[in-house]
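# Commentary on secondary and tertiary structure
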Amino acid sequence: MSATVPSPLRPHDYKSDVKPVWCPGCGDYHVLIALTRALAELQVPPEKVAVVSGIGCSSRIPAYTTCYGFHGVHGRSLALGAGLKLVRPDLTVVVASGDGDGYSIGGNHFLHACRRNVDMTYLVMDNHIYGMTKGQPSPTTEPDIDTALAPGGTGLRPFNPLVIALASGANFVARAFSGNPPETAGIIAEAVRHPGFSFVEILSPCVTYRPDQKAWKDRVHRAPVDATDDAARAARRLMTDDGFNLGVLYRGNRQPYRPHGNEQIGELAELEKEFEL
Ligand SMILES: Cc1ncc(C[n+]2csc(CCOP(=O)(O)OP(=O)(O)O)c2C)c(N)n1
Ligand code: SF4
Ligand SMILES: [Mg+2]
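A brief look at the structure comes next. As the structure is a prediction and not an experimental result, all values here were calculated from the model.

In the vicinity of ligand 2, the residues found are Trp-22, Cys-23, Cys-26, Cys-57, Asn-127, Gly-131, Cys-206, Val-207, Thr-208 and Tyr-209. Here the shell around ligand 2 is composed, by residue class, of seven nonpolar, three polar and no charged.

Next up, the structure:
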């Protein structure tokens, strides 16, 4: 008698019954499609994945998956994700954020997460605006974007998240576009497989507060160069590109962070005991 072969997991198996409340046309729908495709490609069971987020439209994503999820506090998703990965190294930890959540209030955590290099994947849905709170400028908003909340634009130089990630020690750096879910899924799957802290910046238009971003689909293009393992070269390329080069741009070789040298953190129950009053 032959043993029953379990059927492979499909993208649909990672999608929950919770209906997204994103605006029609929001780029984040396609990020959700890409994430579920990536997890199916990896064939990692949903109960072995944790999707952790902060606050923002983008940070709603954990609820829309069948994985374990944690919708945390604004700007603190990386601290939550790192803590989880350190006590449960068997889990695949995906941290999801937005440009406000991840680069403003969470900017300091971003630097140190790159530096610490815990083995997890960081997806930032970057729409160059605070979508959830109705259109305030974020660190990636272009200086001349004229909005009701920043008349005439901020005049400020935007933050370059990929270069900052490289300078801070991220072990994998990529840029993707929500409008191309198959390619984005491939990049997310590779980011999850790559050891250490993997950062994927996903350009994901906010059709409500940045309708101009509908033009992104005509601006994005595949990077004309292959990924490098030389961080300085990757940074130089990124500082001179047009911001729309897509693909894996850097694959590093740093060893992921292990607490106390190579010792594993003990059982969760032991840890809990230490905090008993
Ligand atoms: C401590 C704290 N400060 C401010 C807020 C208000 N707030 C909620 S979401 C958000 C910005 C979200 O922007 P982004 O991360 O870019 O997400 P998007 O909505 O664009 O996907 C802000 C300022 C909050 N929830 N908590
Ligand atoms: S406000 Fe923008 S980011 Fe938020 S759901 Fe609507 S389109 Fe998406
Ligand atoms: Mg945003």
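There's more to say after this.
Turning to the coordination of the magnesium ion (ligand 3), a few remarks are in order. Six octahedral donors around a metal ideally subtend angles of 90 or 180 degrees, whereas four tetrahedral donors ideally subtend 109.5 degrees. Coordination sphere of the magnesium ion (ligand 3), protein contribution only: Asp-99 (OD), Asn-127 (OD1) and Ile-129 (O), at 2.1 to 2.2 Å. Read N to C, the donor residues that coordinate the magnesium ion (ligand 3) are spaced as D-x27-N-x1-I. Assigned by exposure class, Asn-127 and Ile-129 land together as buried.

Once that is clear, we can look at the site of ligand 1. If you check the shell around ligand 1, you find 16 residues, and the closest are Cys-57, Ser-58, Gly-100, Asp-101 and Gly-131. Between ligand 1 and Asp-101, the relevant distance is 2.6 Å, taken from an oxygen atom to a main-chain nitrogen or oxygen of the residue. Ile-129 is positioned with one of its backbone polar atoms (N or O) 3.1 Å from an oxygen atom of ligand 1. Relative to its free-state accessible area of 590 Å², ligand 1 is covered by the protein chains to the extent of 73%. Element by element, the count of residues in the shell around ligand 1 is highest for helix α3 (residues 99-105), at four residues. When grouped by side-chain class, the residues that make up the shell around ligand 1 number six nonpolar, eight polar and two charged.

Another aspect to go through is the side chain of Thr-228. Relative to the helices and strands, Thr-228 is located in the loop between β7 (221-222) and α8 (231-240). Here Thr-228 is in contact with Arg-233, Ala-234, Arg-237, Leu-249, Tyr-250 and Arg-251, once residues within four sequence places are set aside.

Counting residues in hydrophobic clusters, the biggest one holds 32 residues, and the most contacted among them are Leu-35, Leu-39, Ile-61, Leu-123, Ile-188, Val-200 and Ile-202. When contributions to this core are tallied by element, the ones reaching two or more residues are α1 (28-42), β1 (49-53), β3 (92-98), β4 (120-126), β5 (172-177), α6 (181-193) and β6 (197-203). With residues up to four places along the chain from it excluded, the contact list for Ile-188 reads Ala-34, Leu-35, Ala-38, Leu-123 and Ile-202. Counting 30 residues, the second-largest nonpolar core is a separate cluster that includes Leu-91, Val-95, Phe-199 and Leu-238.

This part is about the pattern of salt bridges. A side chain with one charge can pair with a side chain of the opposite charge if their charged atoms come near. For the coordinates displayed, the defined rule picks out nine salt bridges. Close ionic contact of Glu-142 with Arg-210 constitutes a salt bridge, the shortest N to O distance being 3.0 Å. Highlighted residues: Glu-142 in the loop between β4 and α5 (161-168) and Arg-210 in the loop between β6 and α7 (216-219), separated in sequence by 68 residues. A salt bridge links Glu-183 to Arg-222; the shortest N-O distance between them is 2.7 Å. Taken as a pair, Glu-183 in helix α6 and Arg-222 in strand β7 lie far apart in primary sequence, 39 residues in all. Through salt bridges with shared partners, one network takes in Lys-48, Arg-88 and Asp-90.

Rules of the game
Residues numbered from 1 in each chain as written. Chains lettered and ligands numbered in written order. Predicted model: local features only at pLDDT ≥ 70, side-chain atom pairs only at ≥ 80, totals over all residues. Heavy atoms only, no water. Near = heavy atom within 4 Å. Nonpolar A, V, L, I, M, F, W, Y, C, P; charged D, E, K, R; others polar. Donors = N, O, S within 2.8 Å, 3.2 Å for Na, K, Ca; no water. Buried < 20%, exposed > 50% of the residue type's maximum accessible area, 1.4 Å probe, protein only. Polar contact = N/O pair within 3.5 Å; in protein donor to acceptor, adjacent residues only side chain to side chain. Areas by Shrake-Rupley, 256 points an atom, 1.4 Å probe, with all protein chains shown as cover. Helix = DSSP H or I, 4+ residues; strand = E, 2+ residues; numbered from the N terminus. Contact = heavy atoms within 4.5 Å. Core = buried A, V, L, I, M, F, W, Y, C linked by side-chain atoms within 4.5 Å. Salt bridge = Lys/Arg side-chain N within 4 Å of Asp/Glu carboxyl O.

Read these as spatial facts, not as claims about activity.
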